[in-house]
Amino acid sequence: MSMERKKEMGGVQSVVTGEELERINTFAKRTLSADEVYSFAVKLCDNEIDRDGERFAHKTLEELAELFVGKSGIFDHEWSAKGQTARIYRTEVVETAERTKAGDVYCYLKGYAYMLRTEKNESLIAEIEGGIKKEVSVGCSVGKSVCSVCGGEIGLCGHEKGKTYDGKLCFAELQEALDAYEWSFVAVPAQPRAGVMKRYGTAEHGTLRELVKTHGSRASLRELESMEKYAELGKAYLKELRSDVKSLMLTAEDRFDGETIGKMTEKLDEAELKELQRVYGAKTAHVMGVQLSYGEEKHFAEDESDFRV
């Protein structure tokens, strides 16, 4: 994500006064004066589709806005107290007149951060004002990663990010913000406008796997690898189940169209598919039973009891 100085708002704040200073002081152990504080704005994340084929939903940005208040700014996502340089004291979701690749209104989460004017921070402040330290990335977690094509769980629904289905681009929409960890100054962010290091997804960088590799134990990595194997088995199982349901529906009802059924089953979860399998399995058995009985020959008893009066 791009870290932007507040040029459109009248330039970088060199002196913080009034309500802004009051907000900052809620995080300080002692009351800070205006000349002790340097503040700046950062674009944390947005709803544009990023390089990983993912984006934050507008509602998720609003949820993250609350979670990021009070979070520290560090460098390259190194979770160390030595790297703490700034803290976000307020946030807002900003809507623009632009449109995203998906065609909706472009918006982003804007954070307002402060740091102390110390000898140690002089060079960093100079780099911020000079545009050298510009890009930032956030560390956060979300509950759901939803497919833009079918609304199912991405990775389980069968659609692939970056591909187009019936004219609709497939990407993952990140929903249900769970936590915000930190934001970092980085060299190459994931998002073109606002780089994101997400704790969810399938890309190699900024994912759960990357997080475990960097901060977890060997046991955690083995457990994750085991979970990934089960996830692959689950995907194969759902694919087979969808295929079976499609075959049963086509057998039971000749009026159905195969392409339409395929699109419909892609949106269903396991419980829904199992119910269709039960219903159309019974219908198929009935249809097949009628067809078999229709062609049977009647066999009379050898003792000719059918003619006995």
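Residues numbered from 1 in each chain as written. Predicted model: local features only at pLDDT ≥ 70, side-chain atom pairs only at ≥ 80, totals over all residues. Heavy atoms only, no water.

Caption draft 1: Quick peek at the packing of aromatic side chains. A full pass over the atoms with the stated rule returns 4 aromatic pairs. The interplanar angle of 35 degrees and the centroid separation of 6.2 Å between the aromatic rings of Tyr106 and Tyr108 together place this pair among those described as tilted. On the basis of relative accessibility, which here comes to 1%, the residue Tyr106 falls in the buried class. With relative accessibility at 8%, the residue Tyr108 sits in the buried group. Among the aromatic residues, those joined into a ring-pair cluster are Tyr38, Phe40 and Trp183. Positioned above the aromatic ring of Tyr108 is the side chain of Lys43, whose terminal nitrogen or guanidinium carbon lies 4.4 Å from the ring centre. Its guanidinium or amino end placed over the ring of Tyr112, Arg90 lies 3.8 Å from that ring's centre, counting from NZ or CZ. (Phe/Tyr/Trp six-rings, centres within 6.5 Å; stacked < 30°, edge-to-face > 60°. Buried < 20%, exposed > 50% of the residue type's maximum accessible area, 1.4 Å probe, protein only. Lys NZ or Arg CZ within 6 Å of the ring centre and 35° of its normal.)

Caption draft 2: Up close: unusual backbone geometry. Positive phi is not limited to glycine here, since Asp166 has a value of about 50 degrees. Relative to the helices and strands, Asp166 is located in the loop between β7 (164-165) and β8 (168-169). On the basis of relative accessibility, which here comes to 63%, the residue Asp166 falls in the exposed class. With a phi close to 60 degrees, Glu176 is a non-glycine residue in the positive phi region. (Helix = DSSP H or I, 4+ residues; strand = E, 2+ residues; numbered from the N terminus.)

Caption draft 3: Quick look at the pattern of salt bridges. Within this structure, the stated rule accounts for 11 salt bridges. Close ionic contact of Glu54 with Lys161 constitutes a salt bridge, the shortest N to O distance being 3.2 Å. Taken as a pair, Glu54 in strand β2 (residues 54-56) and Lys161 in the loop between β6 (136-147) and β7 lie far apart in primary sequence, 107 residues in all. Under the relative-accessibility criterion, Lys161 is labelled partly exposed at 25%. Notably, a salt bridge pairs Glu259 with Lys263, separated by 3.7 Å at the nearest N-O pair. Within this pair, Glu259 and its partner Lys263 are both found in helix α6 (residues 258-266), separated by 4 residues, close to a single helical turn. For Glu259, a relative accessible area of 53% corresponds to the exposed category. In the salt-bridge network here, residues are joined through shared partners; they are Arg55, Asp104 and Glu173. (Salt bridge = Lys/Arg side-chain N within 4 Å of Asp/Glu carboxyl O.)

Caption draft 4: Region of interest: the nonpolar core. With 28 residues, the main nonpolar core has Phe40, Leu44, Phe68 and Trp183 as its most contacted residues. Contributing elements (two or more residues each) for this core: β1 (37-46), α2 (58-68), β4 (86-99), β5 (105-116), α3 (122-129), β6 and β9 (172-185). If you look at the next biggest cluster of nonpolar residues, it comprises 11 residues, including Leu241, Val245, Ile261 and Leu268. (Core = buried A, V, L, I, M, F, W, Y, C linked by side-chain atoms within 4.5 Å.)

Caption draft 5: The arrangement of the pairing of β9 in detail. As defined by bridge partners, β2 adjoins β9 across 3 bridges and the pair is classed as parallel. The residue bridging Phe56 from the neighbouring strand is Leu174, located in β9. (Pairing = 2+ DSSP bridges.)

Caption draft 6: Representation of the pairing of β6 within the structure. When you tally the buried positions in β6, you get 10 out of 12 residues, the bulk of the element. Pairing geometry for β6 and β9, over 11 bridges, is antiparallel. What sits directly across from Ser141, in β9, is Asp179.

Caption draft 7: Main features of the environment of Val69. Inspection of the secondary structure puts Val69 in the loop between α2 and β3 (72-75). With relative accessibility at 33%, the residue Val69 sits in the partly exposed group. Discounting residues that sit within four places of it in the chain, Val69 has contacts with Phe27, Ile88, Tyr89, Arg90 and Thr91. (Contact = heavy atoms within 4.5 Å.)

Caption draft 8: Focus on α3. Buried residues of α3: Leu124, Ile125 and Ile128, and no others. Take α3 and look down its axis: the buried residues cluster within an arc of 100 degrees, on one side only. Following α3 by one or two positions, Gly131 has its phi on the positive side, about 80 degrees. (Arc of directions from axis to C-beta.)

Caption draft 9: Focus on the state of the cysteines. In the structure shown here, the tally under the stated rule is 0 disulfides. Free of any disulfide, Cys45 has its nearest neighbouring cysteine sulfur in Cys140, separated by 6.2 Å. (Disulfide = S-S within 2.5 Å.)

Caption draft 10: Inspection of the side chain of Ser72 at higher detail. If you trace the backbone, Ser72 turns up in strand β3. Within the structure, the side chain of Ser72 is placed 3.3 Å from the side chain of Arg87, a separation counted as a polar contact. (Polar contact = N/O pair within 3.5 Å; in protein donor to acceptor, adjacent residues only side chain to side chain.)

Caption draft 11: Spotlight on helix α1 (residues 18-25). Those residues of α1 that fall on the buried side of the exposure criterion are Glu20, Leu21, Ile24 and Asn25. Looking down the long axis of α1, one finds its buried residues gathered within 135 degrees of arc, a one-sided arrangement. Those residues of α1 that are exposed and aimed more than 90 degrees away from the buried face are Glu19 and Glu22.

Any functional reading would require information that these geometric values do not contain.
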